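Read off the chains here:
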Amino acid sequence: MRIGILGSGLMGGKLGTIWARAGHDVVFSYARTPHKRERLARAAKGNARAGTPAEAAQHGAALLLAVHWSRVDDVLSQAGDLSGKVIISCSLPMNADDTDLVIAHTSSGAEELAKKIPTARIVSAFSTVPSEVLFPVFESRRKKKRPNVVYCGDDVRSKKVAAALIRDAGFDPVDAGPLRIARSIEAFTLLIGQLAYERPGGPELAYRFERF
Ligand SMILES: NC(=O)c1ccc[n+]([C@@H]2O[C@H](COP(=O)([O-])OP(=O)(O)OC[C@H]3O[C@@H](n4cnc5c(N)ncnc54)[C@H](OP(=O)(O)O)[C@@H]3O)[C@@H](O)[C@H]2O)c1
């Protein structure tokens, strides 16, 4: 595939490299220095080159949007016409200091993006909290016998699954409330991040229960 990377940081750099090495044709764009984009393209060793957001957009049938939410408008305006493109977004709709969502819990970043670029096809993917956030939690809880499970949802059958896990695996349950908050993946991601930041008080495992 021809893939344009809009945001060549941690996510864009890694995913672009993986895709280039897998044989896809990748253009790295949007980093603060051209030097960084060129270094990434060289190190990817596959079909990769550096370019501007407009070049990445023109080149790619699919585009990875991997910038902080506060940079989304800027990178989109530099990218130009995105009609008909598949935009894979991992940008979480967070405020500048990453402490809260900038959307209501009933909406999603993908929904907001679709309003900004209605002629593109938006896919929300990779929108997890950075896994480093969770490492100290695993570390501090290593000796604990009963892991926590955080769950949310109000679907009866799903609650039965949660109940079985709590009973059979011996989880300490943390009920995070009704499904409303979990319907948008970003809100759930934030919830996990916030709980994890509580360190020893945070959960090791988080499940999102919906209808199976
Ligand atoms: N990191 C993760 O594990 C992770 C996981 C899931 C989702 N996410 C989400 O993915 C999105 C991107 O995260 P990330 O960790 O990849 O961020 P990042 O490393 O900060 O990457 C953002 C990219 O945008 C570039 N940039 C920022 N301001 C710019 C400007 N004014 N002009 C030109 N380029 C600019 C940065 O340039 P420089 O390279 O020069 O800094 C960098 O290449 C965020 O919304 C984040 O929440 C991240």
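The preceding data block contains the structure.
What this report covers is the structure whose coordinates are included nearby. Just so we're clear, the structure is a prediction, and the values are computed from it rather than from any experiment.

### Some details on the overall build of the protein
Right, so step 1: The number of helices and strands found in the protein is 8 helices and 9 strands.
Right, so step 2: Relative to its full complement of 212 residues, the protein shows a buried share of 43%.
Right, so step 3: Sequence-distant contacts, at least 24 apart, represent 66% of the contacts inside the protein between residues at least 6 apart.
Right, so step 4: Carbon and sulfur atoms make up 56% of the accessible area of the protein, which amounts to about 11500 Å² in all.

### Structural notes on the environment of Ala61
Right, so step 1: You can see Ala61 is positioned in the loop between helix H3 (53-59) and strand E4 (62-65).
Right, so step 2: Its relative accessible area of 33% is what places Ala61 among the partly exposed residues.
Right, so step 3: What Ala61 contacts, discounting residues up to four positions off in sequence, is Arg2, Lys85 and Val86.

### Some points on unusual backbone geometry
Right, so step 1: Positive phi outside glycine occurs at Tyr30, with the angle close to 60°.
Right, so step 2: The phi angle at Lys45 is positive, at roughly 60°, despite the residue not being glycine.
Right, so step 3: Its location among the elements puts Lys45 in the loop between helix H2 (34-44) and strand E3 (47-50).

### Quick look at the nonpolar core
Right, so step 1: Among the nonpolar cores identified, the biggest contains 18 residues, and Leu6, Leu65, Val72, Leu82 and Ile87 are the most heavily contacted of them.
Right, so step 2: Mapped onto this core, the elements with two or more residues apiece are H3, E4 and helix H4 (72-79).
Right, so step 3: The biggest single contributor to this core is H4, with 4 residues.
Right, so step 4: Setting aside chain neighbours within four positions, we find Val72 in contact with Leu65, Val67, Ser91, Leu113 and Lys116.

The rules behind the values
- Residues numbered from 1 in each chain as written.
- Predicted model: local features only at pLDDT ≥ 70, side-chain atom pairs only at ≥ 80, totals over all residues.
- Heavy atoms only, no water.
- Helix = DSSP H or I, 4+ residues; strand = E, 2+ residues; numbered from the N terminus.
- Buried < 20%, exposed > 50% of the residue type's maximum accessible area, 1.4 Å probe, protein only.
- Contact = heavy atoms within 4.5 Å.
- Areas by Shrake-Rupley, 256 points an atom, 1.4 Å probe, with all protein chains shown as cover.
- Core = buried A, V, L, I, M, F, W, Y, C linked by side-chain atoms within 4.5 Å.

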